[in-house]
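# Results of the structural survey
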Amino acid sequence: MDNQSIKNTTMKLNNIWLLAILLIGFTACESDDDSLSDPLIPETQTAPSPVYTSGTADFTTFVAVGNSLTAGFSDGTLFMRGQEASFPNILAQQFALAGGGNFTQPLINDNVGGLLLAGTQIAGPRLIFNPASQTPGPVSGTPTTDITNVISGPFNNMGVPGAKSSDLLETGYGNIANLVSETANPYFIRMASTPNASVLQDALAQNPTFFSLWIGNNDVLGYAASGGESNIDSPDYDPITDQATFDGAMNAIVASLATNTPNGIIANIPNVTDAPYFTTVPFAPLSPADPDFGPQIPTLNGIFGQLNQVFAFLESQGIPNATDRQIVFSQTAASAVVIKDESLMDLSAQIEAVLNASPTFPAFVQSFGLPAAAAPIVANLFGAVYGQARQANANDLLVLPSSSIIGTVNEAQADFLQASGLPEALANQFAVEGVSLPLADKWVVIPTELTEIQNATAAFNQTINNLATQYDLAFFDVNTFFGGVASNGFQAGSAFLTADYVTGGTFSLDGVHPSPRGYAVIANQMIGLINTKYGSNLPTVNPIDYTGLYIN
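The shown structure was predicted, so the numbers you read here are calculated from the model rather than taken from an experiment.

Each value, and the rule that gives it
Residues numbered from 1 in each chain as written. Predicted model: local features only at pLDDT ≥ 70, side-chain atom pairs only at ≥ 80, totals over all residues. Heavy atoms only, no water. Helix = DSSP H or I, 4+ residues; strand = E, 2+ residues; numbered from the N terminus. Expected span 1.5 Å × (residues − 1). Buried < 20%, exposed > 50% of the residue type's maximum accessible area, 1.4 Å probe, protein only. Axes fitted to C-alpha atoms, helices over the stretch in contact; angles between N-to-C directions. Parallel < 35°, antiparallel > 145°, perpendicular 65-115°, else oblique. Left-handed = near helix turned anticlockwise from the far one by under 90°. Contact = heavy atoms within 4.5 Å. Pairing = 2+ DSSP bridges.

## With respect to helix α16 (residues 447-470)
- Between its terminal C-alpha atoms α16 stretches 34 Å, which fits the 34 Å expected from 24 residues at 1.5 Å a residue.
- Burial in α16 covers these residues: E449, L450, I453, A456, T457, F460, N461, T463, I464, L467 and A468.
- Just downstream of α16, D472 is the residue with a positive phi angle, here 55°.

## A closer look at the packing of helix α4 (residues 87-95) against helix α18 (residues 516-534)
- It is the contact of α4 with α18, at a shortest axis distance of 8 Å, that shows an interaxial angle of 50°. The orientation of α4 with respect to α18, classified from their angle, is oblique. Note that α4 runs across α18; the crossing there is right-handed. On the side of α4, the interface is formed by F87, I90, L91, Q94 and F95, while α18 contributes Y519, A520, I522, A523, M526, I527 and I530.

## A closer look at the sheet that holds strand β8 (residues 210-214)
- Taken in spatial order, the five strands make up an open sheet running β7-β2-β8-β9-β14, and their pairing is parallel. Two strands bound the open sheet, and with one partner strand each, they are β7 (157-159) and β14 (474-476). Between one strand and the next, the sheet's axes are offset by a mean angle of 15°, whatever the strand orientation.
- Bridge analysis of β8 against strand β9 (residues 264-267) gives three bridges, and the strand direction is parallel. Its bridge partner lying in β9, S212 is registered against I265.
- The sheet strands contacting α4 are β2 (62-66), β7 and β8, and the helix crosses β2 at an angle near 165°.
- Sheet contacts for α18: β8, β9 and β14; angle to β14, the most-contacted strand, approximately 150°.

And the structure:
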């Protein structure tokens, strides 16, 4: 595979999965241009205005506590228009019909989004969809929100993007001096009442009469979003919170809120498999119809044929399921990417030993223009690269960012192979992500990792459910609700929502956080539960009045 072919293949692989879903159409989405045009205005109602009541609840001072999902985070960041469509802000607007007071939010300065630190960008602009390129990308503009400019509160929306359950209790979480050690949060730095206040302290200081609590997603999500990265030295390392820490934090948070404010609603954690971040990129995106990939299949199969013989031999020598690791690219159907599966026995040493013992391997090495004497080096490289490799299957979840690297040349790997003695063209050929180079752990959630995530989610949700019962709070089972949206879709007024990326209308372009329309649906679900629990008669909103997708 020459360099130009690699480049062409890269460009096509990056867009092929997204092109496929775009062909479905935009029937569930609302097109908004970069100016963020206002949503549709409903027809004027002529019927007498109903009288809304709060029942046994008191909406006078509503405080929402949580993370990015509470803050109104969408399309990869916070921005003003997105925050205005946060579910707490929507709730507050409805609460105002039944005695609710003002609701303040720590608004970002603009609709670009992103953050600055003393003028240096530390978080990028929001994403917007470009139909011309058929891809999402950053909106034009430069962030103007500098976290060194602390804004005056108090704020009713105490949603802090990135916060885990225990973070809500940490003093100094809003202290800029702790930012380097990563014990402070840039979003909380700009909104904390004092540098050493905790999120919970600032929430309780407002003496709320009603609260919402949606926290815990990040206790699982960070690990999932990193593909289950287990290397403690990796910058992507973000382990699942241990159960004792989660339980201790949740008990302290709910006890503090519910003791001071007996009326509120608490939500649980959705399964990651219901978010398009984990379900959009197919495990088999390599098409033989691609003119830059298809012609390379015989060569690739010839290369992997040597490795497949090794796997067959190792299984005959007693290594179970070694042949399950054989790699074959189809010439008639889409093929799965090659991944690293850290749950597999590492066969690096065995692969190297078998290849070095093969009398035909030196000739194979010579077919690439290398001297026969290079056979031990190549055998070592094969072992190191493919010791835990296999092709992906339907049980593997490729994270959304993997779409931008599948088919690209891993420059670091190519440089390493060159330093090991391979010519540049050959080094590049053996460094194509997901084709000749297994996708690293951070790009794929393998079944063992998914089991960890699902078990933790179930255990955390049991804790949340128990606390809702113990303190007699309204309870929103987000897990079950989002599962239904992912499986069957959801009729939201005149809009039918799904969990599909771009076209579904429920999720924003980051694949994890809801769109404004998705947040409106969440608010409606909560309103229904609040009405049932506390005897209020709050009206819901029309989700179609909220943006499903921002289009450039």
